[in-house]
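Geometric and topological summary
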Amino acid sequence: MPNDGLTGHPSVDKPWLKYYSDDAIHAELPDCTMFDYLWECNKDNLDDIAINYFDRKIGYRELFENIEKTTQAFASIGVNHGDSVLIVSVTLPEVIYSIYALNRLGAIANMVDPRTSVEGIQHYAKESNAKYMLAIDALGSKAEGIVIDTDISKIVLLSPADSLSPLKRFAYQIKERPYRTTDSRFYTWKSFQDIKSAITIPKREYSRDDCAVIVHTGGTTGTPKGVMLSDYNLNSTVIQVALSGFNIHRKDKWLNIMPPFIAYGIGNGMHFPLCIGMELILIPMFDPKKYDSLLLKYKPAHMAGVPSHYDSVIHSRKLTNLDMSFLLSPVVGGDGMDTTYEQQVNDFLNSRNCPTNLIKGYGMTEICAAVCATSRMEYNKLGSVGIPFSHSVVSIFDPETGEEMTYGQEGEICMQGPHIMLGYHNNQEETSKVLRTHQDGSVWLHSGDLGYIDEDGCIFVRGRIKRMIVRHDGFKVFPSLIESVVSTHPEVKQCCAVGIKDDKQVQGKLPVVFVVPKSQNASLDELREELEELCRKELPEYAQPIRWHFQENLQLTAIGKVDYRTLEKMAGEVSHG
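These remarks concern the structure in this document. (Residues numbered from 1 in each chain as written. Predicted model: local features only at pLDDT ≥ 70, side-chain atom pairs only at ≥ 80, totals over all residues. Heavy atoms only, no water.)

Some points on the overall build of the protein
Of the regular secondary structure elements, the protein holds 18 helices and 27 strands. Taken over the C-alpha trace, the protein has a radius of gyration of 24 Å; the compact-globule value for 577 residues is 25 Å, and the two agree within 12%. The dimensions of the protein, computed from C-alpha atoms along their principal axes, are 70 × 70 × 55 Å. Residues counted as buried form 58% of the 577 residues belonging to the protein. Put simply, of all contacts in the protein between residues at least 6 apart along the chain, 70% involve residues at least 24 apart. Charged side chains in the protein number 58 positive and 74 negative. The centres of these two groups are separated by 6 Å. (Helix = DSSP H or I, 4+ residues; strand = E, 2+ residues; numbered from the N terminus. Rg over C-alpha atoms; globule rule 2.2 N^0.38 Å. Buried < 20%, exposed > 50% of the residue type's maximum accessible area, 1.4 Å probe, protein only. Contact = heavy atoms within 4.5 Å. Lys, Arg positive; Asp, Glu negative; His and termini not counted. Charge placed at Lys NZ, Arg CZ, Asp CG, Glu CD.)

Describing unusual backbone geometry
Residues other than glycine seldom take positive phi values, yet N129 does so here, at roughly 55 degrees. Tracing the backbone through its elements, the reader meets N129 in the loop between α6 (118-127) and β5 (132-136). Even without glycine at this site, N426 takes up a positive phi of about 50 degrees. Here N426 lies in the loop between β19 (423-424) and α15 (428-434).

Some details on the pairing of strand β21 (residues 443-453)
With nine of eleven residues buried, β21 is to be regarded as a mostly interior element. Pairing between strand β18 (residues 411-416) and β21: four bridges, direction antiparallel. Across the sheet, the residue bridging to C414 is H446, located in β21. In the sheet, strand β20 (residues 435-437) pairs with β21 via three bridges, with the strands oriented antiparallel. The residue bridging L435 from the neighbouring strand is L445, located in β21. Between β20 and β21, which pair antiparallel in sequence order, lie five residues; one of them, G441, sits at a positive phi of approximately 95 degrees. (Pairing = 2+ DSSP bridges.)

Notes on the packing of aromatic side chains
Under the criterion given, the structure shown has 14 aromatic pairs. When the ring of F74 is compared with that of F192, the centres are 5.1 Å apart and the planes differ by 65 degrees; the resulting orientation is edge-to-face. Of this pair, F74 sits in helix α4 (residues 60-76) while F192 sits in helix α9 (residues 189-193); the two residues are 118 residues apart in sequence, bridging distant segments of the chain. In this structure, F74 and F192 share a single accessibility class: buried. Summarising the aromatic geometry, the rings of W189 and F192 are spaced 5.5 Å apart at their centres and angled 50 degrees between planes, so their arrangement reads as tilted. A residue pair is termed a helical-turn pair when its members lie 3 or 4 positions apart in one helix, as W189 and F192 do in helix α9 at three residues. Its relative accessible area of 8% is what places W189 among the buried residues. On the accessibility criterion, F192 (0% relative accessible area) is buried. Directly above the aromatic system of Y424 lies the positively charged group of K225, at a separation of 5.1 Å from the ring centroid. (Phe/Tyr/Trp six-rings, centres within 6.5 Å; stacked < 30°, edge-to-face > 60°. Lys NZ or Arg CZ within 6 Å of the ring centre and 35° of its normal.)

A short note on the pairing of strand β27 (residues 547-550)
The sheet contact formed by strand β26 (residues 509-517) and β27 spans four bridges and is parallel. Bridged to F514 within β27 is H549. As a crossover connection, the stretch from β26 through helix α17 (residues 524-538) into β27 is right-handed. (Right-handed = clockwise from strand over helix to strand, strands pointing away.)

Here's the deal with the environment of Y232
Mapping Y232 onto the fold places it in helix α10 (residues 231-243). Along the chain, Y232 and R208 lie 24 residues apart, while their C-alpha atoms are 6.0 Å from each other. Those residues in contact with Y232 that sit more than four places away from it in its chain are L29, P30, D31, Y206, R208 and P418.

So, the pattern of salt bridges
Tallying each qualifying case throughout the model produces 24 salt bridges. As a salt-bridge pair, K18 and D456 come within 2.6 Å of each other at their nearest N and O atoms. Placement of the pair is K18 in the loop between α1 (10-13) and α2 (22-25) and D456 in the loop between β21 and β22 (459-464), with a sequence separation of 438 residues. Under the relative-accessibility criterion, K18 is labelled exposed at 52%. Judged by its relative accessible area of 23%, D456 is partly exposed. (Salt bridge = Lys/Arg side-chain N within 4 Å of Asp/Glu carboxyl O.)

Considerations on the nonpolar core
Counting residues in each nonpolar core, the largest one holds 177 residues, and the members touching the most others are F74, L86 and M111. Beyond its immediate stretch of four places on either side in the chain, M111 contacts I87, V95, I99, V213, I214, V215, H216, P260, F261 and I266. (Core = buried A, V, L, I, M, F, W, Y, C linked by side-chain atoms within 4.5 Å.)

Digging into a negative patch on the surface
A surface patch of like charges, here negative, comprises E491, E526, E529 and E530. Structurally, E526 is set in helix α17. (Patch = residues over 30% accessible without salt bridge, like charges linked within 9 Å, V, L, I, M, F, W, Y side chains within 5 Å. Areas by Shrake-Rupley, 256 points an atom, 1.4 Å probe, with all protein chains shown as cover.)

Re the sheet that holds β26
The strand order β25-β26-β27 describes an open sheet built from three strands, whose pairing is mixed. Edge positions in the open sheet fall to β25 (492-501) and β27, since each of these has one partner strand only. When the angles between neighbouring strand axes are averaged without regard to direction, this sheet yields 25 degrees. In the packing of helix α16 (residues 479-486) onto the sheet, the strands contacted are β25, β26 and β27, and the crossing angle to β25 comes to about 150 degrees. Contacts from α17 reach β25, β26 and β27, with the element oriented near 135 degrees to β27. (Axes fitted to C-alpha atoms, helices over the stretch in contact; angles between N-to-C directions.)

Concerning the environment of L157
By secondary structure assignment, the location of L157 is in strand β6 (residues 154-158). Overall, L157 belongs to the buried group, its relative accessible area being 9%. The sequence separation of L157 and E404 amounts to 247 residues, and the corresponding C-alpha distance is 50 Å.

Focus: helix α14 (residues 339-351)
At 3.6 residues per turn, the α-helix brings residues three or four places apart onto the same side. Here α14 spans 18 Å end to end across 13 residues, near enough to the 18 Å set by a 1.5 Å rise per residue. Every buried residue belonging to α14 is among Y341, E342, V345, N346, F348 and L349, and all of these are buried. For α14, the angular spread of the buried residues around the axis is 160 degrees, confining them to a single face. Considering only its buried residues, α14 is in contact with α13 (309-314), β13 (329-332) and β14 (359-362). (Expected span 1.5 Å × (residues − 1). Arc of directions from axis to C-beta.)

Here's the deal with the packing of helix α3 (residues 34-42) against helix α5 (residues 93-105)
Two elements in contact, α3 and α5, have axes whose closest approach is 8 Å; the angle formed by their N-to-C orientations is 115 degrees. By the angle between their axes, α3 is roughly perpendicular relative to α5. Here α3 contributes M34, F35 and L38 to the contact with α5, which in turn contributes I99, Y100, N103 and R104. When its residues are assigned to classes, the contact of α3 with α5 shows five nonpolar, one polar and one charged. (Parallel < 35°, antiparallel > 145°, perpendicular 65-115°, else oblique. Nonpolar A, V, L, I, M, F, W, Y, C, P; charged D, E, K, R; others polar.)

See below:
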C-alpha cells in the first residue's frame, strides 16, 4: 500500500503524474473551436500532406480551401448556428470537409452509422430537428425514404469517387453506377459545391457549452442516445494524447481505418492526427483481411484499431520478413484484450523490429473515446490499459456504496476530465445516470465497467457490469435494444438476447436470442422467419441475431429475474455441441 503521506485513493494521490513532466501537467488546453485549433496547428505548414485518399494527396492548403467552399455551400442552403446536420457516411474527404465547415458555422455534425435502419435515422432526424443531411450514395433509395415524415429538406449525396483521381473516378463509376434521382431536394457533392452565393461567413462566437458533434451510442444502459461532444472536449483529447508520451511527429503517416460515426473515429482517427499535422491515410471501408496489405503499401507510423484487427496481421504470410521499425504506434482500443493474445501480438511486433509493444487504450464515447493509454514502455504492463492522461482522473468506486476504493481493489471505473461529454441529447434522465455527483460534490462519469488501479496508476479492466455484447470489430450490441424489437412481435411472450463467442474470430461475441412464444402450437419456422425480417428492418446490420432458441420458459434467478448468465452458458454449449 502507498505510504509517506499518501491517502491510498488514486483520485487524490494521482500516482500516474510521476510519468509526466511539469510542462505536460500544467499545459494549457485549447479553448477554441475545432476548426480554429486545426488552423492554428497547421497555418504555417500548408504545403504538408493532410489526406492520402487512394494515393491522391490532398495538402493542408487544399484541405482548408475545401473547408471554405463547403462552409459557403452550407451557409447558402440555410445552415445556421445550432442547426443539426445528419452525416450518414463512411470516412470520405468530403465528410472531413463537412465536419469542419459545420464547425465554422457553429452547426452540429450529427454522425450516424449508414447501416442504421431507415426508422432509426428518421428518429435521429426528428429528435434533433434536422433539416439537412449528407449521405453516402450507396444508401440509394433508402435516402429518399429517410426524408419521409421528417423536416429534412436538402440532402447531399456523397460518392467515394468524388475525391478520386480522374482515372480512378471513371473506373469506379463504371463499376458502381452512382445512384441518381430527379428529386429536387437532392444534390450531388459537385452540385452542392457549385452553389454560388454572396454570403459572408460571420465570425462564430465560441462557447465551451456549444455542442460540436453528436455520436450515437447505447451508453452504459443500452438505450440509444446521442452523445453531445463540444469543441473543448475534442480539442482536449488531442492535446492530452499528444502529451501522453506517444512518439508522434508532423508529417507522420496515420492509417485511419475507424469510421467517423464513433468517437474513436472522429476524435482519435481524424481530429487528432490532423491537428498534429500528420498525413491521414483514409480507408473508407476497412477489410481486416487486407490489413497486412495496407501495412505493406503505406508503412504507416501510427495505426489504431480494435483487438481482432491484429489477428490478420500476426497470421499474415506477407509480413513474415517485413521490417516493421516504421511502426511507432500500434494502437488498440474499443474492447478488452486477452493477455495471451496481447503477448502473441507483442511477440510478433518485437520479432519484426517494431520499437514498442502494442499500445492499449481505454475509454468510452462519453469521454471522447479515450481517457488513458500505455503510451510509453515504462508503464505498458501486460493486461493494463495504461495510465490516465495528464489532465484526467480515473478512480475506482464501490458500485453499491459509492465509496472510493484503494489500490488493487476492484470496483466500477469512474472518470473525470475536460473531455467528458456535455450530456446526452434531450435526455437528462439518462445523463444523470452516468454523470453522477458524489457526496463531496465532485462529478464523475460512471463507466459501467469493473476494474482496479495499481500503485503506479495503471488501470486494469476486468469486465462489464452491464450485459453489453462486444463484437470482434469493436461494435457494441445492446441486448435491451434487440429485446425491445423482438418483443414487439405479437407472438412473442418473452425474450432474452445474450452473446456467444464468435468462432470465426480470435475474440468477440455475437448475439443470439431466446424466445418464449405465446402459443405452444406456433409454427417455429414461420416465427423465426418473421423475427428475422423484423430485425432486418428495425436493427442495424451489426446487431442482427445469428441464431434463435425457442423455449417454453426462460430460466430465472432466485429473485425472479431472467438468468441471462445461464442462458449465455446454454447458448455457448449449443454452439459447440
